[in-house]
Amino acid sequence: MNMELSPKFAKQNFEGEAGSYHSWSTTEFPLVAQSKVAAGLLVLKPAGFVLPHSADSSKLGFVLQGEQGSVGLVLPNSKTHSNQEIVVGLQAGDVFPVPLGSFSWWYNHGESDLIILLA
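What counts as what
Residues numbered from 1 in each chain as written. Predicted model: local features only at pLDDT ≥ 70, side-chain atom pairs only at ≥ 80, totals over all residues. Heavy atoms only, no water. Core = buried A, V, L, I, M, F, W, Y, C linked by side-chain atoms within 4.5 Å. Buried < 20%, exposed > 50% of the residue type's maximum accessible area, 1.4 Å probe, protein only. Helix = DSSP H or I, 4+ residues; strand = E, 2+ residues; numbered from the N terminus. Contact = heavy atoms within 4.5 Å. Pairing = 2+ DSSP bridges. Phe/Tyr/Trp six-rings, centres within 6.5 Å; stacked < 30°, edge-to-face > 60°. Axes fitted to C-alpha atoms, helices over the stretch in contact; angles between N-to-C directions.

Participant: I'd like to hear about the nonpolar core, residue by residue, with values.
Facilitator: Counting 14 residues, the largest nonpolar core has V63, V71, L90, F96, V98, W106 and I116 as its most contacted members. Mapped by element, the contributors of at least two residues to this core are β3 (40-44), β6 (69-74), β8 (95-98) and β10 (114-118). Not counting chain neighbours up to four residues away, the residues in contact with V63 comprise L90, Q91, A92, G93, D94, F96, L114, I115 and I116.

Participant: So what's going on with the pairing of strand β1 (residues 11-15)? Residues and values would help.
Facilitator: Relative to strand β2 (residues 19-23), β1 is paired through four bridges, and the arrangement is antiparallel. By the bridge assignment for β2, Q12 is matched with H22.

Participant: Explain unusual backbone geometry to me, using residue names and the numbers behind them.
Facilitator: One non-glycine residue, A47, adopts positive backbone phi at about 65 degrees. Considering the arrangement of structural elements, one finds A47 in the loop between β3 and β4 (49-54).

Participant: Help me get a handle on the packing of aromatic side chains, residues and values and all.
Facilitator: Applying the stated rule across the entire model yields three aromatic pairs. Aromatic pair F49 and Y107: ring centres 6.4 Å apart, planes at 55 degrees, arrangement tilted. Highlighted residues: F49 in strand β4 and Y107 in strand β9 (residues 103-108), separated in sequence by 58 residues. On the accessibility criterion, F49 (40% relative accessible area) is partly exposed. For Y107, a relative accessible area of 25% translates into the label partly exposed. Grouping aromatic residues by their ring pairs yields a cluster made of F49, W105 and Y107.

Participant: Any chance you could break down the sheet that holds β2 for me, citing the residues and the numbers?
Facilitator: Strand order in the open sheet formed by six strands is β1-β2-β3-β10-β5-β8, with antiparallel pairing between adjacent strands. Of all strands in the sheet, those bounded by a partner on one side alone are β1 and β8. Pairs of neighbouring strands in the sheet enclose a mean axial angle of 25 degrees, with direction left out of account. Relative to β3, β2 is paired through five bridges, and the arrangement is antiparallel. If you follow G19 over to β3, its bridge partner there is L44.

Right, dumping it as structure tokens:
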């Protein structure tokens, strides 16, 4: 089996005043589809905010850049935190889970972009 392993750039899916979201296409990077994984890149500008939304899959967030961000999570199926909001501070180097079915919002308190790889 011949696998294409050359680096691929993420395609921008959305850009607004708060920042942008990028993802890797399964049509342009078949290994992503074959592996049944997905990945996206969230770039939040200073004071950028992402409205609450639900997670359609479990993922990990890797903070690649930024010094002062926050993520708020509501875990509707958690035995210990069911329907309670958990707010976590973020900075470069942090890794955190975003469970399937959770609701999250994101905010950049810092003066430079907050960049998060979601995979």
